[in-house]
Amino acid sequence: DSDAKFFVAHERFAEVARAAADEAGFPADRAFAVGAIDGFRPVAELTAGLAAEPVTASERADLHHALGLAQVRSQRLDAAVQELARAVELSPQNSRYAYVYAVALEGAGRTPEAISVLEAAQGQTPSDRDILTALIQYNVKLDRADAAERWFEALRVQAPDDPALKQLEEQIDARRDAGTTRMPP
């Protein structure tokens, strides 16, 4: 139930990764390991694939995205951010790539940049709930009341029965109660 092009796992999770790849029926030629996992190709081969000329920019974006995820798993966040940024650059219409890149930016302490990436992606895919949720959370984190409320209302209009709305509203209310954010009645 995934449109993933590559499966990348760290050797610390070898047993679980092997089982997940098998269960998903993931092709062995697209499973890569940071370290050694039986049946997986070394992630260095994925990196080498970036030097080759894939047929399309989308395929190249897939490679950069997979490599960025591998970098995250290896706890090399700066390198991950660079690879994930390149994936978004090559495939700007892919909202999942933009979301993952923004999460990496936020994890690197670059929340204002993450918000910019998410806002651009939301303009292209206004119904992406993950993007809207991240916009709410990151704006709350930066005490940007008006922006958090605007994204909250956009999500409420799209998905009025979404159970996550209550939790998000509680986050905003907690900030408001601390004197930093206002929520409309």
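Residues numbered from 1 in each chain as written. Predicted model: local features only at pLDDT ≥ 70, side-chain atom pairs only at ≥ 80, totals over all residues. Heavy atoms only, no water.

Trainee: Where do I start with the sheet that holds strand β2 (residues 31-34) in this structure?
Mentor: Two strands in a sheet stick together by hydrogen bonds in their backbones, pointing the same way (parallel) or opposite ways (antiparallel). Taken together, 3 strands build an open sheet; the order of strands is β1-β2-β3 and the sheet is parallel. If you trace the sheet from one side to the other, it starts and ends with β1 (7-10) and β3 (41-42), each paired once. Of the strand pairs in this sheet, β2 and β3 are connected by 2 bridges, and their pairing is parallel. Of the residues in β3, the one forming a bridge with Phe32 is Arg41. (Pairing = 2+ DSSP bridges. Helix = DSSP H or I, 4+ residues; strand = E, 2+ residues; numbered from the N terminus.)

Trainee: Mind showing me how you'd approach the side chain of Gln122 here?
Mentor: As for its position among the elements, Gln122 is in helix α6 (residues 111-124). Beyond its immediate sequence surroundings of up to four residues, Gln122 is in contact with Ile131, Leu132, Leu135 and Trp151. (Contact = heavy atoms within 4.5 Å.)

Trainee: Teacher, can you tell me more about the pattern of salt bridges here?
Mentor: When the charged atoms of two side chains lie near each other, side chains of opposite charge can form a pair. Per the stated rule, a full pass over the model turns up 8 salt bridges. When the shortest N-O distance is used, the salt bridge between Glu106 and Lys141 registers 2.3 Å. Linking Glu106 in helix α5 (residues 95-107) with Lys141 in helix α7 (residues 129-141), this pair joins segments that are 35 residues apart in sequence. The exposure class of Glu106 is buried, given its relative accessible area of 17%. We classify Lys141 as partly exposed; its relative accessible area is 41%. Ionic pairing is found between Lys166 and Glu170, a salt bridge with its closest N-O pair at 3.5 Å. Within this pair, Lys166 and its partner Glu170 are both found in helix α9 (residues 164-177), separated by 4 residues, close to a single helical turn. Classification of Lys166 as exposed rests on a relative accessible area of 57%. (Salt bridge = Lys/Arg side-chain N within 4 Å of Asp/Glu carboxyl O. Buried < 20%, exposed > 50% of the residue type's maximum accessible area, 1.4 Å probe, protein only.)

Trainee: Help me out: how do you make sense of helix α1 (residues 14-24) in this one?
Mentor: One full turn of an α-helix is made of 3.6 residues, so residues set three or four places apart face in the same direction. What α1 keeps buried is the set Ala14, Ala17 and Ala21. Looking straight down α1, one finds that the buried residues subtend no more than 65° of arc, so they occupy a single side. Opposite the buried face of α1, by more than 90 degrees, sit the exposed residues Glu15, Val16, Asp22 and Glu23. Looking at the buried positions of α1, the neighbouring elements they touch are β1. Backbone geometry just downstream of α1 places Gly25 in the positive-phi region, at approximately 65°. (Arc of directions from axis to C-beta.)

Trainee: Help me understand α9 in this model?
Mentor: For α9, spanning 14 residues, the distance from its first C-alpha to its last is 20 Å, which sits close to the expected 20 Å at 1.5 Å a residue. Burial in α9 covers these residues: Leu165, Leu168 and Ile172. Each buried residue of α9 sits inside an arc of 70° when the element is viewed along its axis, so together they form one side. Those residues of α9 that are exposed and aimed more than 90 degrees away from the buried face are Lys166, Gln167 and Asp177. (Expected span 1.5 Å × (residues − 1).)

Trainee: Even after reading the chapter, I still don't get the packing of aromatic side chains, so can you show me in this structure?
Mentor: Any pair of aromatic rings gets described here by the distance separating the centres and the angle formed by the planes. Counting across every chain of the model gives 2 aromatic pairs. Residues Phe7 and Phe26 carry aromatic rings whose centres are separated by 5.6 Å and whose planes lie at 55° to one another, so their mutual orientation is tilted. Taken together, the residues span a long stretch of sequence, with Phe7 in strand β1 and Phe26 in the loop between α1 and β2 at a distance of 19 residues. Taking relative accessible area as the criterion, Phe7 reaches 18% and is therefore assigned buried. Between Phe7 and Phe40 the ring centres are 5.7 Å apart and the planes differ by 70°, which places this aromatic pair in the edge-to-face class. With Phe7 in strand β1 and Phe40 in the loop between β2 and β3, the pair connects residues that are 33 residues apart, well separated along the chain. Classification of Phe40 as buried rests on a relative accessible area of 12%. What links up through ring pairs into an aromatic cluster is the set Phe7, Phe26 and Phe40. Above the ring of Trp151, the side-chain terminus of Arg150 is found at 4.8 Å from the ring centroid. (Phe/Tyr/Trp six-rings, centres within 6.5 Å; stacked < 30°, edge-to-face > 60°. Lys NZ or Arg CZ within 6 Å of the ring centre and 35° of its normal.)

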